[in-house]
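What the coordinates show
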Protein chains: 2
Amino acid sequence: MNSYLIDSQARVEYILDQSLSNNDVPARLRDAMRYSTLAGGKRIRALLVYAAGFASNAPIEKLDVVACALECIHSYSLIHDDLPSMDDDDLRRGQATSHIQFDEATAILSGDALLTLAFELINDSASPLSDTQCRLISHKLANCAGQVGMVGGQMLDILATQPDLDLNRLDRDALEDIHRKKTGALINASVVCGALCSETVSKTDLISLSNYANNIGLAFQVVDDVLDVESDTQQLGKQAGADNTLGKSTYPELLGLNASKQLAQTLCQDAIDCIASIGDNTRHLVELAALVVNRTH
Amino acid sequence: MNSYLIDSQARVEYILDQSLSNNDVPARLRDAMRYSTLAGGKRIRALLVYAAGFASNAPIEKLDVVACALECIHSYSLIHDDLPSMDDDDLRRGQATSHIQFDEATAILSGDALLTLAFELINDSASPLSDTQCRLISHKLANCAGQVGMVGGQMLDILATQPDLDLNRLDRDALEDIHRKKTGALINASVVCGALCSETVSKTDLISLSNYANNIGLAFQVVDDVLDVESDTQQLGKQAGADNTLGKSTYPELLGLNASKQLAQTLCQDAIDCIASIGDNTRHLVELAALVVNRTH
């Protein structure tokens, strides 16, 4: 990773730590929010915010707020997805999941609080975003995180693994629909909201960036499926082979392992092609596209 | 209830129905969101939005959006509070709770989606709110619903009913702190956000309205505790005597039943006194104060 991305990673870690240090929050709730959010992780969504902001000449102080909000929402989604009634995972980022470390009620509440905090941070009077930016970014975030985005995708994902469903019915289009919502929507929001931190970004550039994000988002999930087959639990920091255990449809299962890897590479190149026309500052976005496809965990 | 409040109730029912009719939402998720949100209920929070907006000369179209957002957040909080790992309630508003009617995963996700939808509705480009109003209202909502407000209160409430806690330690101040957060914060947000729909509301009036709301909010909870002792399950639409079963501290337990009823009346009068100075259009707020204290379910 280049120094801009390394610096960005450090920035968002620092701001998350600051934002999760409110002494008016009940200690157990704050502990649980910090436990899940400050547990490392790749910060891909935050980095996409910074990279898209860099490409759009956005002030870095604005990107800080948006990156932090994105990571709060991502963290909430992992906590809730891992719950016993959802994917029932015990391990995440190499540590016990929130409901194992604390308990189910605390895990649910810490997720709720992180989701809510994202909107509080964006709209805080101290945030450097303009009122119009607050509105556009809040709406985009809510739209991508909610019923037609991430939450909708998680619902479809759960329905697709019901034991009474004939798994053969989940074809490639249906699988792609789930992933575009469950993972893709928030990755799209990261890129677009990063660009919205600029006062001068054009509608055309926003569309190009959104297309870049959609390709990256799908590539991310294809790689996730491949890693679930090829990696071991220690490297992943979560249970390997979990898709198979849960009876989830995956790209390797539908297309084969090699064709899945090829698809990820193609999507990565498509993503880079999407932003060829938006100016000279796209190098961090290009690096992130490669990072998503070549990651090992 | 007077005709303005009856009309307001009909307005928010209509807008909730409209807002929860998006065909891009997975059917099961939409069904669960509608099931919990359109199940009747007193709509106290929506009515407080309309009444505070009326007192502040706010346009009714703006109040519609904010009232709808408040009811979405309230509905989400009930769904999550009722979960097996929280209060474990089977009955709400006279019908099966969400996790009984659907399942736990669907209940959690429908709550998540309703919380997110509140911010999507407020910040929609089609909403009549100005950008500044979107920001102020989004921040107030998130602040009152989140880690230092409602979610924080629910965390404290759960901690206070842990079997290893010496219940005698929960004195009146601690009980009041829980309720001010768990119930009071969202009632405060309802009143203040209603007033923020006005372009002309003064800071002084906002403070008066906020004080009114704090008294109403506490009165609401005192009455809740009294009803839990005095009413039967059918009248309440939820399990009567649940506080006792869960080992929760209550006002009747701390103060006695008659002193609790007296406290509710005093808080109601204090609330009305708070808004004596803010003009001639406070009659709906006055009526709601009485409604909160004299309700039977």
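Everything numeric in this text was worked out from a predicted model, so none of it was measured.

**Describing the overall build of chain A**
- Of regular secondary structure, chain A possesses 15 helices and two strands.
- Relative to the 2.2 N^0.38 estimate, which gives 19 Å for 297 residues, the radius of gyration of chain A is 18 Å and therefore close to what a compact globule would have.
- Overall size of chain A, expressed as C-alpha extent along the three principal axes, is 50 × 50 × 30 Å.
- The buried share of chain A, taken over its 297 residues, is 56%.
- For chain A, long-range pairs separated by at least 24 residues make up 74% of all intrachain contacts whose partners lie at least 6 apart in sequence.

**A few points about the packing of helix α4 (residues 60–81) of chain B against helix α6 (residues 104–123) of chain B**
Residues and elements named next belong to chain B.
- Between α4 and α6, whose axes approach to 8 Å, the crossing angle comes to 160°. It follows that α4 is roughly antiparallel to α6 by the angle criterion. The two elements α4 and α6 cross, and the hand of that crossing is left-handed. Contact with α4, carried on its side by Val-65, Cys-68, Ala-69, Cys-72, Ile-73, Ser-75, Tyr-76, Ile-79 and His-80, involves Ala-107, Ser-110, Gly-111, Leu-114, Leu-115, Leu-117, Ala-118, Leu-121 and Ile-122 of α6 and no other residues of that element.
- Here the contact of α4 with α6 is built from residues that sort into 14 nonpolar, four polar and no charged.

**Some thoughts on the interface of chain B and chain A**
- Across the contact, 42 residues belong to chain B and 42 residues belong to chain A.
- Those elements that place two or more of their residues in the side of chain B that touches chain A are α2 (27–37), α6, α7 (131–145) and α8 (150–160) of chain B.
- The biggest single contributor to the side of chain B that touches chain A is α6 of chain B, with twelve residues.
- Looking at side-chain class alone, the side of chain B that touches chain A contains 21 nonpolar, 13 polar and eight charged residues.

**Some details on helix α3 (residues 44–55) of chain B**
Residues and elements named next belong to chain B.
- Here α3 spans 16 Å end to end across twelve residues, near enough to the 16 Å set by a 1.5 Å rise per residue.
- Of all the twelve residues making up α3, twelve are buried; the element is thus mostly covered by neighbouring parts of the structure.
- Buried residues of α3: Ile-44, Arg-45, Ala-46, Leu-47, Leu-48, Val-49, Tyr-50, Ala-51, Ala-52, Gly-53, Phe-54 and Ala-55, and no others.
- Once α3 finishes, Asn-57 follows within two positions and takes phi at roughly 60°, a positive value.

**Some details on the relation of the copies chain B and chain A**
- When chain B is brought onto chain A, the operation consists of a screw motion whose angular component is 180° and whose axial shift is 0.0 Å, with 0.0 Å RMSD remaining. Put plainly, the chains are arranged around a two-fold axis. Taking C-alpha positions as the reference, the residue of chain B nearest the rotation axis is Asp-131 of chain B, at 2.7 Å.
- Most of the interface of chain B is mirrored in chain A, where 100% of its interface residues are also at the interface.

**Quick word on the confidence of the model for chain A**
- The predicted model of chain A has a mean per-residue pLDDT of 93, with 96% of residues at 70 or higher.
- Overall fold confidence for the complex sits at a pTM of 0.95, while the interface term, ipTM, reaches 0.95.

**Notes on the nonpolar core**
- Residues Ala-69, Ala-118 and Ala-219 of chain A together with Ala-69, Ala-118 and Ala-219 of chain B are the most contacted members of the largest nonpolar core, which totals 192 residues.
- Ala-118 of chain B has contacts with Ala-69, Cys-72, Ile-73 and Leu-141 of chain B, leaving out every residue within four places of it along the chain.

**Some thoughts on the environment of Ala-46 of chain A**
- Within the element layout of this structure, Ala-46 of chain A appears in helix α3 (residues 44–55).
- Residues Ala-46 of chain A and Gln-101 of chain A, 55 residues apart in the sequence, show an inter-C-alpha distance of 25 Å.

**What about the environment of Ile-15 of chain A?**
Residue and element names in this part refer to chain A.
- Take Ile-15: it is sitting in helix α1 (residues 3–19).
- Between the alpha carbons of Ile-15 and Ala-276 there is a distance of 32 Å; along the sequence they are 261 residues apart.
- Setting aside residues up to four positions removed in sequence, Ile-15 forms contacts with Asp-64 and Cys-68.

**Observations concerning unusual backbone geometry**
Residue and element names in this part refer to chain B.
- One non-glycine residue, Arg-43, lies in positive phi territory at about 60°.
- One can find Arg-43 in the loop between α2 and α3.
- Residue class for Arg-43 comes out buried when judged on the 22 C-beta atoms lying within 10 Å of it.
- Unlike most non-glycine residues, Arg-93 shows phi in positive territory, near 50°.
- Note on placement: Arg-93 falls in the loop between β1 (91–92) and β2 (95–96).

**Let's talk about the environment of Leu-70 of chain B**
All names here are of chain B.
- Checked against the element boundaries, Leu-70 lands in helix α4.
- Judged by the 29 C-beta atoms lying within 10 Å of it, Leu-70 falls in the buried class.
- Residues Leu-70 and Lys-42, spaced 28 residues apart in sequence, show a C-alpha to C-alpha distance of 13 Å.
- Setting aside residues up to four positions removed in sequence, Leu-70 forms contacts with Arg-45, Ala-46, Val-49, Ala-189 and Ser-190.

What counts, and where the lines are drawn
Residues numbered from 1 in each chain as written. Chains lettered and ligands numbered in written order. Predicted model: local features only at pLDDT ≥ 70, side-chain atom pairs only at ≥ 80, totals over all residues. Helix = DSSP H or I, 4+ residues; strand = E, 2+ residues; numbered from the N terminus. Rg over C-alpha atoms; globule rule 2.2 N^0.38 Å. Buried ≥ 20, exposed ≤ 12 C-beta atoms within 10 Å, placed from the backbone. Contact = placed C-beta atoms within 7 Å. Axes fitted to C-alpha atoms, helices over the stretch in contact; angles between N-to-C directions. Parallel < 35°, antiparallel > 145°, perpendicular 65-115°, else oblique. Left-handed = near helix turned anticlockwise from the far one by under 90°. Nonpolar A, V, L, I, M, F, W, Y, C, P; charged D, E, K, R; others polar. Expected span 1.5 Å × (residues − 1). Least-squares fit on C-alpha atoms with pLDDT ≥ 70 in both. pLDDT = per-residue confidence, 0-100. Core = buried A, V, L, I, M, F, W, Y, C linked by C-beta atoms within 7 Å.

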